[in-house]
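Close look at the chain arrangement
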Amino acid sequence: MDDERQRPDHGPLAGFTVGVTAARRADELGALLERRGAVVLHAPALRIVPLADDSELLAATKDIIGQVPDIAVATTAIGFRGWVEAADGWGLGEDLLARLRGVRILARGPKVKGAIRAAGLTEEWSPASESLAEVLDRLLEEGVDGLRIAVQLHGEPLPGFVESLRAGGADVVGVPVYRWLPPEDIGPVDRLLDAAVARTLDAVTFTSAPAAASLLSRAEERGQLDDVLAALGHDVLSACVGPVTALPLQARGIDTVQPERFRLGPLVQLLCQELPARARSLPLAGHRVEIRGHAVLVDGVLRPVPPAGMSLLRALARRPGWVVARAELLRALPGAGRDEHAVETAMARLRSALGTPKLIQTVVKRGYRLALDPVAESKYADG
């Protein structure tokens, strides 16, 4: 029975909270994270609206007419139709279609194929999976070095798609048929920022540079920028789908992590490696204890811990084995006031949550300490 209890039944991200800033594919990314045990905080930092009349789309259209691409990738039916309609409105529709007739066109799925054919064009190939990842794989397998590729963008730049093509040596022309605006409901973004500052968030994911810039811009509007930068710089991991996405964060001095392959799957796999590696692991009272974001692994068994308890545990773990006074622990409790009885209450709940009370020792009239194993005492003696 004990062996059964020791067998971990949680995912690698259990006990961690991860923010998702994507507007597109947020559900897909959230599901991947939740499947691995994470608690997900959804906070789309952008909303996507179609472009009725936009100088960027006009410039991209003229660019393609002036220098015809080798390949064009159409990603959405509404976007492709909107592009052709906008070109018609500028008197460039016929020129655009004439250029695209000589181009290899790849379509993401059947709806896009319909829009391409309605425009009098023919696609070369479309994946049965309707997956852009499959389109990307095909292009990279064929080789894109030196090719000029036009990509009709969804709104948010496609996670890793453009970056991967450029890394393969392609000259990529983005065709922006949507515009990014702040979300209509800013509440989730504000909650994510507050969670980052409070360190109740362990990581935040970014799949586009505009989303990263938008999040920092909102932090500045709220007078939180310094606090958010401090959090992202030390305690909250910034995970970006690729190097272009990371630029607004790196410009502010924030270190980021990125997967080798610029996709959502590898991004989640990277978090599965990085977050557990950042967790504090200690030998306490004959047990192996790993302190995660909102939970603790005790000998591989996941133990959810209330926020106040996590605050106490982190304060004790800063100096393992050393006595921490009640007054200091009181300061670590968010909104606890001046009553040291709050420490005792939170400590009782913490011990109960851990399921092993002896992990934390009470030192009469002084405070509390983690019951560090004697073998580890010397390692932390000078801490």
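Residues numbered from 1 in each chain as written. Predicted model: local features only at pLDDT ≥ 70, side-chain atom pairs only at ≥ 80, totals over all residues. Heavy atoms only, no water.

**Details of the overall build of the chain**
Counting secondary structure elements, the chain contains 17 helices and 17 strands. The principal-axis extents of the C-alpha atoms in the chain amount to approximately 85 × 45 × 30 Å. Long-range pairs, those at least 24 residues apart, make up 64% of the contacts in the chain between residues at least 6 apart in sequence. Per element, the accessible surface of the chain, about 17800 Å² overall, is 49% carbon and sulfur. Both charge centroids of the chain, one from 45 positive and one from 49 negative side chains, sit 6 Å from each other. (Helix = DSSP H or I, 4+ residues; strand = E, 2+ residues; numbered from the N terminus. Contact = heavy atoms within 4.5 Å. Areas by Shrake-Rupley, 256 points an atom, 1.4 Å probe, with all protein chains shown as cover. Lys, Arg positive; Asp, Glu negative; His and termini not counted. Charge placed at Lys NZ, Arg CZ, Asp CG, Glu CD.)

**Focus on the nonpolar core**
Core analysis: the largest hydrophobic core is formed by 29 residues, its most contacted members being Phe80, Trp83, Ile116 and Leu121. For this core, the secondary-structure elements that each account for two or more residues are α3 (55-66), β4 (71-74), α4 (77-89), α5 (93-100), β5 (104-107), α6 (110-118) and β7 (171-176). It is α4 that contributes the most residues to this core, six residues altogether. Contact partners of Leu121, with chain neighbours within four places excluded, come to Phe80, Leu97, Leu100, Arg101, Ile105 and Ile116. Among the nonpolar cores identified, the runner-up in size contains 28 residues, and Val324, Leu350, Ile360 and Leu372 belong to it. (Core = buried A, V, L, I, M, F, W, Y, C linked by side-chain atoms within 4.5 Å. Buried < 20%, exposed > 50% of the residue type's maximum accessible area, 1.4 Å probe, protein only.)

**Section: the pattern of salt bridges**
Scanning the entire structure with this criterion turns up 18 salt bridges. Across the pair Arg199 and Asp235 runs a salt bridge whose closest N-O atoms are separated by 2.7 Å. Pair noted here: Arg199 is in the loop between α9 (187-197) and β9 (203-206) and Asp235 is in the loop between α11 (225-234) and β10 (237-240), with a separation of 36 residues, a long-range link. Residue classification places Arg199 among the partly exposed positions, given a relative accessible area of 29%. Between Arg319 and Glu328 there is a salt bridge, with its nearest N and O atoms 3.0 Å apart. Using a relative accessible area of 25% as the deciding quantity, one classes Arg319 as partly exposed. Connected through salt bridges with shared partners, the residues Asp190, Asp194, Arg218, Glu221 and Arg222 form a single ionic network. (Salt bridge = Lys/Arg side-chain N within 4 Å of Asp/Glu carboxyl O.)

**Considering the layout of surface pockets**
Volume-wise, the largest pocket comes out at about 770 Å³. Arg199, Asp202, Arg292, Gly293 and Arg314 are the residues nearest the centre of the largest pocket, which is lined by 26 residues in total. When residues of the lining of the largest pocket are traced back to their parent elements, those giving at least two are α13 (264-278) and α14 (307-317). It is α14 that contributes the most residues to the lining of the largest pocket, five residues altogether. Taken domain by domain, the lining of the largest pocket gets at least three of its residues from each of domain 1 (17-47 + 183-278) and domain 3 (280-370). (1 Å grid on protein atoms, 1.4 Å probe; cavity = no way out; pocket = protein on both sides within 12 Å on 5 of 7 lines; lining within 4 Å. Points joined across faces, edges and corners; volume = space filled by probe spheres on them. Domains from an automatic or database assignment.)

**Regarding the packing of α3 against α5**
A pair of packed helices is characterised by two quantities: the angle between their axes and the separation of those axes. At their nearest, the axes of α3 and α5 sit 9 Å apart, and the two run at 50° to each other. The orientation of α3 with respect to α5, classified from their angle, is oblique. For the crossing formed where α3 meets α5, the hand is left-handed. Facing α3, whose interface residues are Thr61, Ile64 and Ile65, α5 presents Asp95, Leu96 and Arg99. (Axes fitted to C-alpha atoms, helices over the stretch in contact; angles between N-to-C directions. Parallel < 35°, antiparallel > 145°, perpendicular 65-115°, else oblique. Left-handed = near helix turned anticlockwise from the far one by under 90°.)

**Observations regarding the sheet that holds β4**
Spatially, the four strands line up as an open sheet ordered β5-β4-β6-β7, and their pairing is parallel. Each edge of the open sheet carries a strand with a single partner, namely β5 and β7. Taking each pair of neighbouring strands and ignoring which way they run, the sheet shows an average axis angle of 20°. Relative to β7, strand β6 (residues 148-153) runs parallel, the two being bridged by six bridges. Bridge pairing in β7 places Leu153 opposite Pro176. Strand contacts of α6: β4 and β5, with the helix running at about 145° to β5, the strand carrying the most contacts. (Pairing = 2+ DSSP bridges.)

**A short note on the sheet that holds strand β11 (residues 280-284)**
Remark on secondary structure: sheet strands pair via backbone hydrogen bonds, oriented parallel or antiparallel. Across the sheet, four strands lie side by side as β11-β12-β13-β14; this open sheet has antiparallel pairing. The open sheet is flanked by β11 and β14 (301-304), the only strands paired with a single partner. Each neighbouring strand pair of the sheet contributes to a mean axis angle of 25°, computed without reference to strand direction. Judged from the four bridges that link them, strand β13 (residues 295-298) and β14 form a sheet pairing that is antiparallel. Across the sheet, the residue bridging to Ala295 is Pro304, located in β14.

**Brief notes about the domain arrangement of the chain**
Domain assignment breaks the chain into domain 1 (17-47 + 183-278), domain 2 (51-178) and domain 3 (280-370). If you average the C-alpha positions of domain 1 and of domain 3, the two centres end up 28 Å apart. Taken together, the contact between domain 1 and domain 3 spans five residues of the former and five residues of the latter. In this assembly, domain 1 packs against domain 3 so that about 370 Å² is buried in total across both faces, 42% of it on carbon and sulfur atoms. At the surface where domain 1 touches domain 3, the tally comes to zero salt bridges. Viewed at the interface, domain 3 and domain 1 are joined by one residue pair in polar contact (both at pLDDT 80 or more). Here the residues of the side of domain 1 that touches domain 3 sort into two nonpolar, one polar and two charged. (Buried area = accessible area lost by both parts, 1.4 Å probe. Polar contact = N/O pair within 3.5 Å; in protein donor to acceptor, adjacent residues only side chain to side chain. Nonpolar A, V, L, I, M, F, W, Y, C, P; charged D, E, K, R; others polar.)

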